Each structure stands twice: as structure tokens, then as C-alpha cells.
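One-letter residues, chain by chain:
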Amino acid sequence: MKNPVLLIRSSLAEEQEVLAAKKHFPVYQNRTKIPENSLVIGRYSVVPFYKELEEDLKYRNCDLINTYSQHRWIADLREWYQDFEDITPKTWFDLYSLPDEGPFVLKGETNSRKFNWNTHMFAKDKREAGQVYSRLSADGLVGEQNIYIRKYEPLVKLGEGLNGLQVSEEYRFFFLDGQVLSGGFYWSSHVDDLTEVPNPARVPQEFLKTVGQRIGFNARFVVVDIARKVDGGWMVVEVNDGQQSGVSENKPDEIYSKMKKVLSFSAIMP
């Protein structure tokens, strides 16, 4: 079993998270200083040269906690969609197969422009979807990705941000080897606007268990965003690489302390 260490790009990490990580793991900011035979958990440090980092680490007999191929399963909605199809919004992968009636949301295979909700994400019908698609195609970030169209699912609304952005009852959960490490309210940027911050304990354990099982062996360290629909049901909004995802309202110490326990248990398993 290789010894787990963290590779953190501290310029992108909050000081609170760096301090919490150091309580539980050796932390490095330079890949050349990572000891041989390490299991490397990257935080904000693996893109844009994920594959190259993986190859460089192999020279020191080190592994990333998510391989590049596992990262691709996470990073492209088309890849993970088939595993969550019944618990995530219906998705079309080209404009031609889109029905005339919406509404829809559009996003890149990995990223969205949710903070430009009215112009670069939401479309009330197929005609508007074509217009949003054109704007995203010209976008410097999303335009480099495949653009997908998803059915708009009304969520429990808690507020509204700039450009019509819907602030919903949504949570971010960190998973390692299919187990929940931590959960927290997703919308950190709008916490001060709420009289009460929603509790992730509202998400049914059975639903979380199902999500963990669906992740399976596709990747080890995964972040899943889960929201409540207006009909009371729950759905997976997004699947993210745990090495690149912000903590939202999760407590870093909870993430890393539970991570250490899960990795220690894995180390003694036959």
C-alpha cells in the first residue's frame, strides 16, 4: 500500500483547508518533493496537465488517487450519464435530437456558465437553445468542450442571484471509494443571504448509498452535487473530480479526517 500524501496548489486553496489537510496528511506544494511510493491526492493541482502529472509521478512510483482515465469518466458528462441516467436530468448530446418544447439548460462537458444563467445556460425552447449554444461555442472556456443540453428540472428555490441564477436547495458531497466523507450546502456564495443554511442531513441516506454504488470503480475520489426537486425527489446535478472541487460549505477537517480513516481501512484490507 502506498503512503497517501496531498499535493496542494496553495494559491487556489483557502488557508483553512491547507491547515486542516496538514493535520492528517503530509502536504506538498511541489511535485518533485513528493516521496517515492506515494498515493498522491491532488487538490487544485492536477489540471490542466493531468495526464502529464500522472506520467511524471510514475517515475517516482507514485499514483494519483484518480487516474487520468478515471478523471475523464468524471469530467465528461457523456461518460458518467449512463451510470446515473435515472437520477439525473435527461440529456441530449446534440441540438438535432432536441425536442421543440423545453425548457433546457446547456453546459459544456465539464464546465458551465451558470453565473450568466439568462444568456449562457437557460433556454425556454429549442430555438433559444440554439442561441445559447452559439454563445457557448464562442466562449473561451466552454467553447473548447462538447456542449450538451439537459432538461430543466425545477428545484426547491431559496433565492436568486445575478442574471436570474437560481439558488436552490443543493448540496455537495465528497465520496472516497463509494463512501461519503462529508456533505455541505453547495451555495457558499449565498449563505449570508439566507436566514437558515440548509442541512445536508436532509438528503436520504438511501439515495447517497445509491450514488456511492453508482460511482463504483469508475473513480475513487469523487464529488457529487445533489439537489431537491420541487416534487420532493432528489437528483444528481453534477459529478466532479474530488481533486479539483471546491469545498462549498463542507468542513475541511471533516473531509480529511474521514479520508484518512477510509484510506487506513483500505490499507489493512486483504
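Not measured: the values here are computed from a predicted model.

About the cut-offs
- Once a new chain begins, its residue numbering starts again from 1 and follows that chain's sequence as written.
- Local features are withheld for residues below a pLDDT of 70 in this predicted model, meaning they are given only at 70 or higher, and side-chain atom pairs are given and counted only at 80 or more; totals for whole chains, interfaces and linings count all residues.
- To obtain the side-chain values, all non-hydrogen atoms of the structure were used and water was disregarded.
- Here a strand is any run of E in DSSP of at least two residues, a helix any run of H or I of at least four, and the numbering for each starts at the N terminus.
- We take the radius of gyration over the C-alpha atoms and set the globule estimate at 2.2 Å times the residue count to the 0.38 power.
- Here's how the labels work: a residue is buried when its accessible area is under 20% of the maximum for its type, exposed when over 50%, partly exposed in between, all with a 1.4 Å probe on protein chains only.
- Any two residues whose heavy atoms approach within 4.5 Å at even a single point are treated as in contact.
- Methods summary: accessible areas were calculated by the Shrake-Rupley approach with a probe of 1.4 Å, and residue burial reflects only the protein chains presented.
- The working definition used for a salt bridge is a side-chain nitrogen of Lys or Arg within 4 Å of a carboxyl oxygen of Asp or Glu.
- Two strands are counted as paired when DSSP detects at least two bridges linking them.
- Think of the arc as the fan of directions from the helix axis to the C-beta atoms.
- Here a polar contact is recorded for every N or O atom pair within 3.5 Å, except that within protein the pair must consist of a potential hydrogen donor and a potential acceptor, and residues adjacent in sequence are included only if both atoms are side-chain atoms.
- Between N-to-C directions, angles cover 0 to 180 degrees, with each direction set by a line fitted to C-alpha atoms, over the stretch in contact for helices.

## Some thoughts on the overall build of the chain
Each helix and strand in the chain was counted, giving eight helices and 14 strands. Computed over the C-alpha atoms, the radius of gyration of the chain is 19 Å, within 12% of the 18 Å expected from 2.2 N^0.38 for a compact globule of 270 residues. Overall, the chain is about 55 × 40 × 35 Å in size when its C-alpha atoms are taken along their principal axes. For the chain, with 270 residues in total, the buried portion stands at 47%. In the chain, the proportion of contacts linking residues at least 24 apart, taken out of those at least 6 apart, comes to 66%. Accessible surface computed for the chain: about 13,500 Å², of which carbon and sulfur atoms make up 48%.

## Some details on the pattern of salt bridges
In the structure shown here, the tally under the stated rule is 16 salt bridges. The residue Arg214 makes a salt bridge to Asp86 at a minimum N-O spacing of 2.9 Å. Residue Arg214 is located in helix α7 (residues 205–215), and its partner Asp86 is located in the loop between α4 (77–84) and β5 (91–92); the two are separated by 128 residues in the primary sequence. Judged by its relative accessible area of 58%, Asp86 falls in the exposed class. We note a salt bridge from Glu160 to Lys157, for which the minimum N-O separation is 2.9 Å. One salt-bridge network, in which partners are shared between bridges, spans Glu169, Glu196, Arg202 and Arg228.

## Digging into the pairing of strand β6 (residues 101–108)
In the case of a regular strand, side chains alternate between the two sheet surfaces. Here three bridges tie β6 to strand β7 (residues 122–125), and the two strands are oriented antiparallel to one another. What sits directly across from Glu101, in β7, is Asp125. Direction of pairing for β6 relative to strand β8 (residues 147–151): antiparallel, over a ladder of five bridges. Across the sheet, residue Val105 finds its bridge partner in β8, namely Arg150.

## Remarks on the side chain of Glu109
Inspection of the secondary structure assignment puts Glu109 in the loop between β6 and α5 (117–120). On the basis of relative accessible area, Glu109 is assigned to the buried category, the value being 11%. With near-sequence residues (within four places) excluded, Glu109 lies in contact with Arg72, Ala75, Asp76, Leu77, Gln145, Asn146 and Tyr148.

## With respect to helix α1 (residues 15–24)
Among all positions of α1, only Glu17, Val18, Ala20, Ala21 and His24 are buried. Here the buried residues of α1 occupy an arc of 165° about the axis, which is enough to place them on one side. Exposed and oriented more than 90 degrees from the buried face of α1 are Glu15, Gln16, Lys22 and Lys23.

## Observations regarding the side chain of Gln70
If you trace the backbone, Gln70 turns up in helix α3 (residues 68–75). Residue classification places Gln70 among the buried positions, given a relative accessible area of 15%. A distance of 2.9 Å separates a polar side-chain atom of Gln70 from the backbone nitrogen of Thr67.

## Some details on the sheet that holds β6
On the basis of which strands lie adjacent, the open sheet formed by four strands has the order β5-β8-β6-β7 and antiparallel pairing. This sheet does not close on itself; its edge strands, each paired only once, are β5 and β7. For β5 and β8, the ladder comprises two bridges, and the chain directions are antiparallel. Its bridge partner being in β8, Trp92 is matched across the sheet by Ile149. Packed onto the sheet, α4 meets β5, β6 and β8 and runs at close to 30° relative to β8. Taken strand by strand, helix α6 (residues 126–137) contacts β6, β7 and β8, and its axis lies near 155° from that of β7.

## As for unusual backbone geometry
The peptide bond linking Val47 to Pro48 adopts the cis configuration, its omega dihedral lying at 15°. Along the chain, Pro48 falls in the loop between β3 (38–43) and α2 (50–58). A cis geometry characterises the amide bond from Gly102 onward to Pro103, with omega recorded as 0°. Inspection of the secondary structure assignment puts Pro103 in strand β6. The phi dihedral of Asn163 falls on the positive side, at around 60°, and the residue is not glycine. As for its placement among the helices and strands, Asn163 is situated in the loop between β9 (157–160) and β10 (166–168). Looking at Asn163, the relative accessible area reads 40%, which means it is partly exposed. Although it is not a glycine, Ser248 sits at a positive phi angle of roughly 50°. Tracing the backbone through its elements, the reader meets Ser248 in the loop between β14 (234–241) and α8 (252–268). Overall, Ser248 belongs to the buried group, its relative accessible area being 18%.

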